[in-house]
Amino acid sequence: MKAPAGGAGGTSVSRKVAAVVLALGGAIALGGIALQRHEPINALWIITAAVCIYLLGYRFYAAWIATRVLLVDPSRATPAERLNNGRDFLPTHRAIVFGHHFAAIAGPGPLVGPTLAAQFGYLPGTLWILIGAVLGGCVQDMTILFLSTRRDGRSLGQMARDELGPFGGFAALIGTLLILVVLSAVLGLVIVNAMKHSPWATSTVAATIPVAILVGLYLRLWRPGRVLEGSIIGVSLVLLAVVAGGWIDHQPQLRNAFDYGALAIAAAIVIYAWVAAILPVWLLLAPRDYLSTFLKLGTVALLAVAIVLTHPQLKMPALTQFIDGSGPLFGGTLFPFVFITIACGAISGFHALVASGTTPKLISNEADVRLVGYGSMALESFVAIMAMIAATLLDPGVYFAINSGAGVVGATPEMATHTISGWGFPVSVQQMQSLAQAMGEHTLFARTGGAPSLAVGMASIFGSSFGRGLAALWYHFAIMFEVVFILTTLDAGTRVGRFMLQDLLGQLWAPLGRTSWYPSVLFASTLLVAAWGYFLYVGVIDPNGGVNILWPLFGIANQMLAAIALSVATGILVKSGRARYAFVTLAPLAWLAIVTTSAAWQKIVSPDAHVGFLAAAGELAAKFAAGALSAERAAVAPQLIFNQRLDAALTVLFTAILWFVILDMARVCVRRLRGLPLRSSSEAPYRQSQLPGAALAEQ
């Protein structure tokens, strides 16, 4: 029955009024952020702008893309229903799919990227996070998820091969796999730097693994479908693990049992990722991601409430002197490196791997792609906004003392504080010692990677609102939050990489391409974790913390992967007769192509050792030959020199693959517009869904 005209009209008017209010609120707040330069800005301006912009994007732009560009059909059976095998393909409740997808995509980027980019000031990163997500990142995630769902959950590389052709597809598959190796290594490195010699953090994170398995068994075998019960049990146990970690930290014998160095933590991470990649998705991956989503969403919501209650002033200036490329955290000028550094907070190629990996094999209705794809990325971008606020409300001197490596500012606290104070950001040894003691740590100097400084910022916000005497608890809660945030991306990424590697190996021997054949599962998983484990090892032994070596490569690779994903999406849209809508993916693709190519060029040819991979390798090699290095640095210098040169070679390869895929996509589009023959679409034929309520699903 149709609603009365008056009621429908009233609803329409109220929606228009709400849209106008959101638009005005967002515009005023965004203007306040951009124009307020000469006095401290209140964090509420940023929160208001973010909420308004995300809601507008989801309500209007995402809805328009779903209905007009993608032609979402809720009555159509998804691969989770048609290919259900109880292991990789499994129709799953939309809340759990959202939780899994958000947990899998929300890795280090939205936490670490904005924190590192804060060395330029709060303004550039904030603007890019807001604009880039709504027009680029959210669009990519939703589009790739939809296209993969229509194609039996095929990976990004498979879709490129099927839709563009064997050459472009092979290039995309190889490039995607290599990029995933780099991304996984950086994920592991951030975890290592956050957890090393921190028994509280290590014991807490370790406890989340058996909790996830318990919830998986509870929902699969003991109480199927009792999602609320499983959620309450799991979340309660995870929160109990945080408190128990504090108790363990104060017990000498137990504390030593969880006190590990960087290499030991790295080895544990590699083993965990390998196990997570081979176990059934319902046993560890899905419940862990689902539980971590409660933690993530709850923490972000709590952080937002605390910011509203305390409305703190940002202490970092809008722009710093480091926009010239002389930054201590990483080298490079504002353009293009603020876009490269922010990474996942605005747009992330890694998301395309999840959106064409595990998630399309779980989604039970096409109507959910808007919530899962666009909504998850908008939420992740909001996490990035929270990270930017938490980083920039710290005293700048404290921020740089935590994030700058010993090789940059000096090996002793006295040297570090003297160097940083000389930049115009005063900080003292006593100030840092008092802060470390309040946070329950021995030291916070040179805790590179962004995670520790973000945890300090979060602890200060929570402490201001919910009890300053609990700073150590809040700090380690934040560390656990960050590590779980990242670890779920690492295990999902490893599983997605396993699918891709199996597809590639299947070209050599068909049985290796069977994703559920256990010999292939074990072999592919071992190869993959060994590859990214090597890069993780090199980052761990780097005296500067590894971030200045791996994070720029991570950022470039991640954004190039996003460009590859948008190229595939653009090609499919044009092939499908929707060329007039191709601007939706073509516009962000063009921007990413410019940004990534510019960054890659600088990282390869720059003569500044602070920026260029080859220049850094050359400078280190000269010092090593002259005997000018300390014994510690000389011991690892040959491997660091090799890795800098390897990074340069990978950057060249990634750039070549990107432009090969773009040109192949352009070739397909030109042939389609000219009416010339093309490869047939790999879209699965329509089949009516038999799941309850499919035809009535919300658009």
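How each quantity is defined
- Residues numbered from 1 in each chain as written.
- Predicted model: local features only at pLDDT ≥ 70, side-chain atom pairs only at ≥ 80, totals over all residues.
- Heavy atoms only, no water.
- Helix = DSSP H or I, 4+ residues; strand = E, 2+ residues; numbered from the N terminus.
- Rg over C-alpha atoms; globule rule 2.2 N^0.38 Å.
- Buried < 20%, exposed > 50% of the residue type's maximum accessible area, 1.4 Å probe, protein only.
- Patch = residues over 30% accessible without salt bridge, like charges linked within 9 Å, V, L, I, M, F, W, Y side chains within 5 Å.
- Areas by Shrake-Rupley, 256 points an atom, 1.4 Å probe, with all protein chains shown as cover.
- Salt bridge = Lys/Arg side-chain N within 4 Å of Asp/Glu carboxyl O.
- Expected span 1.5 Å × (residues − 1).
- Axes fitted to C-alpha atoms, helices over the stretch in contact; angles between N-to-C directions.
- Parallel < 35°, antiparallel > 145°, perpendicular 65-115°, else oblique.
- Left-handed = near helix turned anticlockwise from the far one by under 90°.
- Contact = heavy atoms within 4.5 Å.
- Nonpolar A, V, L, I, M, F, W, Y, C, P; charged D, E, K, R; others polar.
- pLDDT = per-residue confidence, 0-100.
- Core = buried A, V, L, I, M, F, W, Y, C linked by side-chain atoms within 4.5 Å.
- Arc of directions from axis to C-beta.
- Phe/Tyr/Trp six-rings, centres within 6.5 Å; stacked < 30°, edge-to-face > 60°.
- Lys NZ or Arg CZ within 6 Å of the ring centre and 35° of its normal.

Student: So what about the overall build of the chain? Which residues, and what values?
Tutor: When helices and strands are tallied, the chain shows 27 helices and zero strands. For 699 residues, the compact-globule estimate of 2.2 N^0.38 gives 27 Å, and the C-alpha radius of gyration of the chain, at 24 Å, lies within 12% of that figure. Dimensions of the chain, computed from C-alpha atoms along their principal axes, come out at roughly 70 × 60 × 55 Å. Counting over 699 residues, the chain shows a buried share of 61%.

Student: An account of a nonpolar patch on the surface is requested, with residue identities and associated values reported.
Tutor: There is a patch of nonpolar side chains on the surface, built from V20, L24, I28 and W45 and spanning about 390 Å² of accessible area. Considering each element in turn, the nonpolar patch owes the most residues, three residues, to helix α1 (residues 5–35). If you trace the backbone, L24 turns up in helix α1.

Student: If you had to explain helix α26 (residues 613–625) to someone new, which residues and values would you point to?
Tutor: Relative to the 18 Å expected for 13 residues at 1.5 Å per residue, α26 spans 18 Å between its end C-alpha atoms, a close match to the ideal helical length. What α26 keeps buried is the set F613, A615, A616, A617 and L620. Looking one or two residues beyond α26, the residue adopting positive phi is G627, at roughly 70 degrees.

Student: Pulling in residues and values, what's your account of the packing of helix α2 (residues 43–69) against helix α6 (residues 122–149)?
Tutor: Direction vectors running N to C along α2 and α6 enclose 25 degrees, while the axes themselves pass 10 Å from each other. The orientation of α2 with respect to α6, classified from their angle, is roughly parallel. Classified by chirality, the crossing of α6 by α2 is right-handed. Listed contacts from α6 to I46, A49, A50, I53, Y54, G57, Y61, A62, I65 and A66 of α2 are T126, I129, L130, A133, V134, L135, V139 and M142.

Student: Now, about the pattern of salt bridges: what can you tell me, with residues and values included?
Tutor: Tallying each qualifying case throughout the model produces 14 salt bridges. For R76, the salt bridge is made with E683, and the minimal N-O distance between the two is 3.4 Å. A residue pair is termed long-range when its members are at least 10 positions apart, and R76 in the loop between α2 and α3 (79–82) and E683 in the segment after α27 (631–673) qualify at 607 residues. Relative accessible area serves as the criterion here: at 29%, E683 is assigned to the partly exposed category. Residue D664 is joined to R667 by a salt bridge in which the shortest nitrogen-to-oxygen separation is 2.9 Å. Taken together, the residues span about one helical turn, with D664 and R667 both in helix α27 at a distance of three residues.

Student: I'd like a description of the packing of helix α4 (residues 94–105) against helix α16 (residues 369–392), backed by residues and values.
Tutor: As a packed pair, α4 and α16 sit with axes 9 Å apart at the nearest point and diverge in direction by 45 degrees. With respect to α16, the axis of α4 lies oblique. At the point where α4 passes α16, the crossing takes the right-handed sense. Counted together, R94, V97, F98, H101, F102 and I105 of α4 and L371, V372, G375, S376, M377, L379, E380 and V383 of α16 form the full contact between these two elements. Partitioned by chemical class, the residues of the contact of α4 with α16 number nine nonpolar, three polar and two charged.

Student: I'd like to hear about the confidence of the model for the chain, residue by residue, with values.
Tutor: Scored by pLDDT, the chain comes out at a mean of 84, with 93% of its residues at no less than 70. This stretch, residues 1–7, has a pLDDT under 50; its non-local contacts, to residues over four places away or in other chains, come to zero contacts. Confidence over residues 695–699 falls short of pLDDT 50; this stretch has nine contacts with residues more than four positions distant or in other chains.

Student: Any chance you could break down the nonpolar core for me, citing the residues and the numbers?
Tutor: Of all hydrophobic cores here, the largest spans 223 residues; its most connected members are Y54, L156, I385, M386, I389, L444 and W532. The element contributing the most residues to this core is helix α22 (residues 471–505), with 20 residues. Non-local contacts of W532, meaning those with residues more than four positions away in its chain, are made with V181, S184, A185, I269, V270, A273, L490 and T494.

Student: With reference to specific residues and values, describe helix α19 (residues 413–422).
Tutor: Among all positions in α19, only A416, T417 and I420 are buried. All buried residues of α19 lie within an arc of 95 degrees about the axis, which places them on one face of the element. Summarising the geometry of α19, the exposed residues directed more than 90 degrees from the buried face are H418 and G422. Where α19 is buried, its residues meet α17 (396–403), α18 (406–409) and α20 (429–438).

Student: Would you mind going over the packing of aromatic side chains in detail, with residue names and values included?
Tutor: Summed over the entire model, instances satisfying the criterion amount to 20 aromatic pairs. With centroids separated by 6.4 Å and ring planes inclined at 50 degrees, the aromatic side chains of F322 and F425 adopt a geometry described as tilted. Of this pair, F322 sits in the loop between α13 (285–310) and α14 (334–342) while F425 sits in the loop between α19 and α20; the two residues are 103 residues apart in sequence, bridging distant segments of the chain. A single burial state applies to F322 and to F425, both of which are buried. By way of ring pairs, the aromatic residues F322, Y399, F400, W423 and F425 are connected into one cluster. If you follow R59 out to its NZ or CZ, it ends over the ring of F60, 4.9 Å from the centre. One cation-aromatic arrangement involves R370 over Y58; the distance from NZ or CZ to the ring centre is 4.2 Å.

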